[in-house]
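Secondary and tertiary structure notes
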Amino acid sequence: FVPTGYHFLTRYLNSINASDRVRYLAGYYTERNLQEYEIICCCKPHIFAAAAVYLALIQNRICYYDYNHRDRPTGSVWCKKLEEESGLEEYQLIECSLKIIHNLHIETETASKRKLIAAKRKYASDKYHNVSKLGIPFL
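This section reports on the structure supplied with the text. Quick caveat: nothing in here was measured; it's all calculated off a predicted structure.

1. Looking at the state of the cysteines
- Counted according to the given criterion, the structure contains zero disulfides.
- Unpaired in this structure, Cys42 has its nearest cysteine sulfur neighbour in Cys41, at a distance of 3.3 Å.

Below you can see the structure in the form of structure tokens.
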């Protein structure tokens, strides 16, 4: 058993009984960023997974409150349960979260200038609630 980011991601999402949208958002952020060297070499798997969940929770809150025309609450989405499960506090997720956000803004290309958009295309389908078509979260 090798503790990859996927194992941590699943554990964190299950610990909060995450909705399908949050699961798909976190999955998209994770899969999209596995193509990026700086994420793989600089973010430990448990921090990378936690940052993806953190951003998914932020984006889910933005979508919910914008759709229902309500003011967004100001409290943190990083709850005590996730803090206990991950051993991480919100401030420890910021650096990796910013890297994930940065990579969502760009389309990775191979040396031959071929765009790597498989994750974006996958999560643009109805099966995954079109989460890659949603806006990019911000901190």
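Picking up after the structure, the text goes on.
2. A short note on the pattern of salt bridges
- Counted under the stated rule, the structure contains seven salt bridges.
- Put simply, Glu83 and Lys80 hold a salt bridge, and the shortest N to O gap is 3.7 Å. With a gap of three residues between them, Glu83 and Lys80 both fall in helix H5 (residues 80–86), about one helical turn apart.
- For Glu83, a relative accessible area of 26% translates into the label partly exposed.
- Taking relative accessible area as the criterion, Lys80 reaches 55% and is therefore assigned exposed.
- Glu107 is paired through a salt bridge with Lys120; the nearest N and O atoms lie 3.6 Å apart. Taken together, the positions of Glu107 in the loop between helix H6 (94–105) and helix H7 (118–122) and Lys120 in helix H7 put the pair 13 residues apart, joining distant regions of the chain.
- According to the relative accessible area criterion, Lys120 is partly exposed, its value standing at 35%.

Calculation rules
Residues numbered from 1 in each chain as written. Predicted model: local features only at pLDDT ≥ 70, side-chain atom pairs only at ≥ 80, totals over all residues. Heavy atoms only, no water. Disulfide = S-S within 2.5 Å. Salt bridge = Lys/Arg side-chain N within 4 Å of Asp/Glu carboxyl O. Helix = DSSP H or I, 4+ residues; strand = E, 2+ residues; numbered from the N terminus. Buried < 20%, exposed > 50% of the residue type's maximum accessible area, 1.4 Å probe, protein only.

Shape is all these values report; function is a separate question.
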